Amino acid sequence: MPGKSTLIKAALWGGGISLLGTLPLGTLNIAAMQVSISEGIRQGIYFSLGVALVEVLYVRLSVVGISWIMKHAKLLRYMEWVAVLIVLALAFGSFWAAANPSQEKSFLLQSNLPNFLLGVSLSAINPMQIPFWFGWTTVLFSKNVLKDRPDYYNIYTIGIGLGTFLGLMVFVFGGSLLVKKLNAGQGTINFVLGCVFAVTAIFLIVKILTKKPLEQSIAEKGAELEKAEHSVDTR
């Protein structure tokens, strides 16, 4: 039976990586900030919980469903482009809201979806999480931090979910605080958010066009992960 300290170590590693990975500006954390600014902190929290739930499911799939993911890698490739379209829609919607002072938020965030489900939806179309966690899971297996056991997988994914949620809270609470400090109008906020989304979309397009095909990256990460698991088992 694994000791509590080793399980806690796996949780802390997962949580720490997830927290730090959530902090760079991206689609989900900026969207969380926009929801918080437009609808309040509580709604930003609901949105963040939806994002964290999908992150946990993706991580769980990435460590136990390698073969399934490799067979459906082309689908994930298409999802990358869908994610780009969503980011462009967020950018357009933010600029549109900035040009129309009567609008409090972009049209995408005016959907009838509850913010929890909106977070689930936006997170679900972001397949970049899978190769990211493939890589880190491989490293943790090679360092003997993570083991091929359900209890390790459970505590590891719980830590990742908490890390993602805490990282998003920086934007949920930080966005509201920033608005109060700057005393900025809603139009200015929407314009700034539109610029961030536009830059993010350009970055994603360049990344998709210049990096290895997603299916190749996933296949390589899957092979590395299986090798790491095998090396740990034979120790």
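Caption draft 1: Up close: a nonpolar patch on the surface. Taken together, the side chains of Tyr46, Leu49, Leu53, Leu57, Leu113, Phe116 and Leu117 make up a nonpolar region of the molecular surface, amounting to roughly 590 Å² of accessible area. Of all the secondary-structure elements, those providing two or more residues to the nonpolar patch are α3 (41-64) and α6 (115-124). Counting residues per element, the nonpolar patch draws most heavily on α3, at four residues. Inspection of the secondary structure assignment puts Leu53 in helix α3. Owing to a relative accessible area of 40%, Leu53 belongs among the partly exposed residues under this scheme.

Caption draft 2: Main features of unusual backbone geometry. Positive phi values are uncommon outside glycine, yet Asn144 reaches one of about 65 degrees. With respect to the helices and strands, the residue Asn144 is situated in the loop between α7 (129-142) and α8 (150-182). According to the relative accessible area criterion, Asn144 is partly exposed, its value standing at 33%.

Caption draft 3: Structural context of the nonpolar core. Counting 28 residues, the largest nonpolar core has Ile30, Met33, Phe47, Leu122, Leu193 and Phe197 as its most contacted members. Elements represented by at least two residues in this core include exactly α2 (27-39), α3, α5 (73-99), α6, α8 and α9 (186-210). Phe141, Leu146, Tyr152 and Ile160 belong to the second largest nonpolar core, which has 14 residues in total.

Caption draft 4: Looking closely at the packing of aromatic side chains. Taken as a whole and judged by the stated rule, the model has two aromatic pairs. Pairing Trp133 with Tyr156 gives two aromatic rings, centres 6.2 Å apart and planes at 90 degrees, and the pair type is edge-to-face. Here Trp133, found in helix α7, pairs with Tyr156, found in helix α8; they are 23 residues apart in sequence, far enough to count as distant. Among the residues examined, Trp133 registers a relative accessible area of 1% and is labelled buried. Both rings, one in Phe141 and one in Tyr153, keep their centres 6.4 Å apart while their planes meet at 80 degrees; by these two values the pair is edge-to-face.

About the thresholds
Residues numbered from 1 in each chain as written. Predicted model: local features only at pLDDT ≥ 70, side-chain atom pairs only at ≥ 80, totals over all residues. Heavy atoms only, no water. Patch = residues over 30% accessible without salt bridge, like charges linked within 9 Å, V, L, I, M, F, W, Y side chains within 5 Å. Areas by Shrake-Rupley, 256 points an atom, 1.4 Å probe, with all protein chains shown as cover. Salt bridge = Lys/Arg side-chain N within 4 Å of Asp/Glu carboxyl O. Helix = DSSP H or I, 4+ residues; strand = E, 2+ residues; numbered from the N terminus. Buried < 20%, exposed > 50% of the residue type's maximum accessible area, 1.4 Å probe, protein only. Core = buried A, V, L, I, M, F, W, Y, C linked by side-chain atoms within 4.5 Å. Phe/Tyr/Trp six-rings, centres within 6.5 Å; stacked < 30°, edge-to-face > 60°.

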